[in-house]
Amino acid sequence: MDSKIERLVEENQRYYELLDRCLRGLFDKARDINELHFAFSLSPEFRGAQDVGWNTAHDAINAFDEYLKFINEKPFSSLKARVALSFYAHLSEAAGFYEIPKNMLRVAGGEQYSMWPFLNLVETHKKTGVRIAPNANKIIRDLVGHAETIGFSELAGCIRDAFDPDLRNGYAHADYVIWSDGIRLRKRNGGQPRLVSWEEFNVRFERGIIFFKMIR
């Protein structure tokens, strides 16, 4: 294991300990301030007359288990590498699931639970009128800014550092190449190309998984 990977592994361990402490602090404060709205906040996408099978937050949890089971089966292949990258992007984009920490931040800051906590981030196409859902970049920035605003600076850092934006964007725009030495992020529209070795990807992949799993 080279020095860069060793450093990332050590950073991950510190990150997990800090994230655990920060999330417990957030949830405890929200519960202490308003236990009823704390309880509401544990149910993401709780709105409208919806039957079973229409909650993307619940599906993200199911996907988490299904992805991991498939990826962990031997042997590993280039297809499984693509699936792992898809899984990584799925976790970062699971905005329905992240309504939980968003509402916890609202309650901890003295606000009430909201059925549409990210509604202010939704845009409307000027010509078609189609509603444009916020992507992971906007969701993460919103959570980071909110945490900073109410005094959870360490939690803000944990949220900011949960996912590697280059990996997420590379997958979202099919701007990557699976190769023997790792994931090659081409950045075809500008920027310095980047190689994420398989060892580095494993470490960053693990951090994203742990971030989701701890909230879950």
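Everything in this summary refers to the structure shown in the same document. Because the structure is predicted, anything quoted here is derived from the model rather than measured.

Where like charges cluster on the molecular surface, the negative patch consists of Asp2, Glu6, Glu10 and Glu199. Since its relative accessible area comes to 47%, Glu199 is described here as partly exposed.

All right, on to the side chain of Asp164 then. Here Asp164 shows up in the loop between helix H7 (153-160) and helix H8 (165-172). Of the polar contacts made by the side chain of Asp164, one reaches the side chain of Arg194; its length is 2.8 Å. With residues up to four places along the chain from it excluded, the contact list for Asp164 reads Tyr88, Arg194 and Arg204.

Taking strand neighbours across the sheet as the criterion, the three strands line up as S3-S4-S5 in an open arrangement whose pairing is antiparallel. Each end of this open sheet is capped by a strand with a single partner; those strands are strand S3 (176-179) and strand S5 (194-197). Averaged over all neighbouring strand pairs, the angle between strand axes comes to 20 degrees, with direction disregarded. Looking at chain direction, S3 and strand S4 (residues 182-185) are connected through four bridges and run antiparallel. Bridge assignment links Ile178 to a residue of S4, and that residue is Ile183. Contacts from helix H9 (residues 198-215) reach S3, S4 and S5, with the element oriented near 75 degrees to S5.

Cut-offs and rules
Each chain carries its own residue numbering, running from 1 in the direction its sequence is written. With the structure being a predicted model, the display of local features is reserved for residues of pLDDT at least 70 and the display and counting of side-chain atom pairs for 80 or more, all residues being used for whole-chain, interface and lining totals. Values shown for side chains rest on all heavy atoms present in the structure; no hydrogens or waters enter the calculation. Here a patch means residues that are over 30% exposed by relative accessible area and free of salt bridges, tied together within 9 Å if like-charged and within 5 Å if nonpolar (Val, Leu, Ile, Met, Phe, Trp, Tyr). Per-residue and other accessible areas follow the Shrake-Rupley method at a 1.4 Å probe size, with only the shown protein chains counted as cover for residues. Each salt bridge in this description consists of a side-chain nitrogen of Lys or Arg and a carboxyl oxygen of Asp or Glu lying within 4 Å of one another. When charges are counted, Lys and Arg contribute as positive and Asp and Glu as negative, whereas His and the chain ends are disregarded. A single reference atom marks each charge: NZ on Lys, CZ on Arg, CG on Asp, CD on Glu. Relative accessibility decides the category of a residue: with a 1.4 Å probe and only protein chains considered, values under 20% of the type maximum give buried, values over 50% give exposed, and everything between is partly exposed. Helix numbering and strand numbering both begin at the N terminus, where a helix is a DSSP run of H or I of at least 4 residues and a strand a DSSP run of E of at least 2. Here a polar contact is taken to be a pair of N or O atoms separated by no more than 3.5 Å, where protein atoms must pair a possible hydrogen donor with a possible acceptor and residues adjacent in sequence count only if both atoms sit in side chains. In what follows, residue pairs with any heavy atoms lying within 4.5 Å of each other are defined as contacts. A pair of strands counts as paired when DSSP detects no fewer than two bridges linking them. Axis definition: a line fitted to C-alpha atoms, over the contacting stretch in the case of helices. Angles run 0 to 180 degrees between N-to-C directions.

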